[in-house]
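Chain and residue survey
Here is how the chains run, residue by residue.
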Amino acid sequence: MKKMKKKYPSKILIILLYIVLSIGALIMIAPFLWMFSTSLKSISEVFTWPPAIFGKVLRWDNYLKISERYPFGRFFINSAIVSFIVVVTQLFTSSLGGYVFARLKFRFREILFVVYLATMMVPVHVTLVPLFIIMRYLGQIDKLSSLILPNLATAFGTFLMRQFFLTIPTGLEDAAKIDGCTPFGIYWKIFLPLSKPALAALGVFIFVGIWNDFLRPLVFINKINNMTLPLGLANMQGMYSTNWPVLMAGTFISLLPIIIAFLLAQDFFVKGVTLSGIKE
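Keep in mind that this is a model prediction, so the values were computed, not measured.

**Thoughts on the overall build of the chain**
- A count of helical and extended segments in the chain gives 14 helices and zero strands.
- Taken against the 2.2 N^0.38 rule, which gives 19 Å for 280 residues, the C-alpha radius of gyration of the chain at 25 Å runs more than 25% over that of a compact globule.
- When the backbone C-alpha atoms are referred to their principal axes, the chain occupies close to 70 × 70 × 30 Å.
- Considering the chain as a whole, with its 280 residues, one finds that 35% of them fall into the buried category.
- Considering only contacts within the chain whose residues lie at least 6 apart along the sequence, 73% involve residues at least 24 apart.
- Carbon and sulfur atoms provide 71% of the accessible area of the chain, an area that totals close to 18,200 Å².
- Averaging the coordinates of the 26 positive side-chain charges in the chain and doing the same for the 11 negative ones gives two points 8 Å apart.

**Let's talk about the nonpolar core**
- Grouped together as the largest cluster of nonpolar side chains are 46 residues, with contacts concentrated most on Ile66, Val82, Phe165, Phe191 and Met236.
- Secondary structure elements with two or more residues in this core: helix 4 (72-103), helix 6 (124-137), helix 7 (145-148), helix 8 (155-165), helix 10 (183-194), helix 11 (196-211), helix 13 (229-235) and helix 14 (244-270).
- Formed jointly, this core draws a minimum of three residues from each of two domains, domain 1 (11-64) and domain 2 (68-278).
- When neighbours within four sequence positions are excluded, Met236 is seen to be in contact with Ile66, Tyr70, Thr242, Val246 and Leu247.

**Things to note about the side chain of Ser37**
- Looking at the element boundaries, Ser37 is found in helix 1 (residues 11-38).
- Its relative accessible area of 1% is what places Ser37 among the buried residues.
- Among the polar contacts made by the side chain of Ser37, one reaches the main-chain carbonyl oxygen of Trp34 at a distance of 2.9 Å.
- Those residues within four positions of Ser37 in sequence are excluded, and the remaining contacts are Ile53 and Phe54.

**A word on the domain arrangement of the chain**
- The assigned domain composition of the chain is domain 1 (11-64) and domain 2 (68-278).
- When each unit is reduced to the centre of its C-alpha atoms, the spacing between domain 1 and domain 2 is 31 Å.
- Taken together, the contact pairs 13 residues of domain 1 with 11 residues of domain 2.
- A combined buried area of about 990 Å² lies between domain 1 and domain 2, and 83% of that area is made up of carbon and sulfur atoms.

**Here we look at the pattern of salt bridges**
- The full count for this structure, using the stated rule, is six salt bridges.
- Among the salt bridges present, the one from Glu110 reaches Arg109, with a minimum N-O distance of 3.1 Å.
- Residue classification places Glu110 among the partly exposed residues on the basis of a relative accessible area of 39%.
- Given a relative accessible area of 18%, Arg109 falls into the buried group.
- Measuring nitrogen to oxygen at the nearest pair gives 3.8 Å for the salt bridge that ties Glu110 to Arg162. Taken as a pair, Glu110 in helix 5 (residues 109-118) and Arg162 in helix 8 lie far apart in primary sequence, 52 residues in all.

The rules behind these values
Residues numbered from 1 in each chain as written. Predicted model: local features only at pLDDT ≥ 70, side-chain atom pairs only at ≥ 80, totals over all residues. Heavy atoms only, no water. Helix = DSSP H or I, 4+ residues; strand = E, 2+ residues; numbered from the N terminus. Rg over C-alpha atoms; globule rule 2.2 N^0.38 Å. Buried < 20%, exposed > 50% of the residue type's maximum accessible area, 1.4 Å probe, protein only. Contact = heavy atoms within 4.5 Å. Areas by Shrake-Rupley, 256 points an atom, 1.4 Å probe, with all protein chains shown as cover. Lys, Arg positive; Asp, Glu negative; His and termini not counted. Charge placed at Lys NZ, Arg CZ, Asp CG, Glu CD. Core = buried A, V, L, I, M, F, W, Y, C linked by side-chain atoms within 4.5 Å. Domains from an automatic or database assignment. Polar contact = N/O pair within 3.5 Å; in protein donor to acceptor, adjacent residues only side chain to side chain. Buried area = accessible area lost by both parts, 1.4 Å probe. Salt bridge = Lys/Arg side-chain N within 4 Å of Asp/Glu carboxyl O.

Here is the structure:
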């Protein structure tokens with residue numbers, strides 16, 4: 001019998017594919033490059049026609065002017081505090097909830113999971129008024145805690161972790177039970193270390209969502225020293241005039257933590273869990 005030859009895509013097809021991907025990458029990155037170039041211009045050079053990539057002089061001092069009228073450093077610290085606490089707590093609650101729904105057996109488990117999952121269909125805007133009333137009753141309005149408490153758990157994170165835990169062979173769990181490990185011990189010592197790729201992906205999703213959140217701070221925060229970055233940057237726009245280069249400089253700085261978080265976690269997106277010699 002003749003061996004079937006593997007068919008590989010032609011070189012022309014590969015070249016065309018790279019061209020299309022390169023064009024798509026340029027389209028995606030163009031707004032960020034334009035934002036960075038605008039941050040190095042003067043106000044008069046922002047709206048010149050035809051537009052220039054850079055001005056006559058690179059004005060790095062625009063980055064120093066960010067904190068002249070607004071406490072930009074305070075905005076950054078507030079966003080960092082809220083994002084860190086929410087990411088850590090959501091990773092714990094989501095992984096713990098995902099483990100419970102994936103591995104522990106109890107009555108109405110599937111019904112409770114479906115009901116919990118159904119909360120994802122409720123728009124955030126619908127919950128703003130009830131959340132505002134609850135936060136006011138608890139005395140948390142105009143505090144960073146009003147941005148943290150409603151985000152301590154998420155149905156999306158629980159669903160993501162549950163789906164990941166379902167892929168882990170039951171042999172590891174059975175062996176731990178034989179050794180006398182408790183359900184929480186199995187979660188903490190076995191499932192959690194194996195779930196680093198899922199935790200990294202979920203952590204990036206949570207961080208980006210909280211870091212860029214504008215609506216909740218707009219509703220709950222009034223004092224300028226308690227504002228997060230998105231709300232603070234919005235307040236940097238004047239009613240009659242806006243210093244666009246300084247605003248773009250602040251926006252560019254606000255993007256750096258997201259880029260760093262993705263670069264640090266990108267390896268975990270492609271890493272899988274290697275479990276050899278164990279069958280369900």
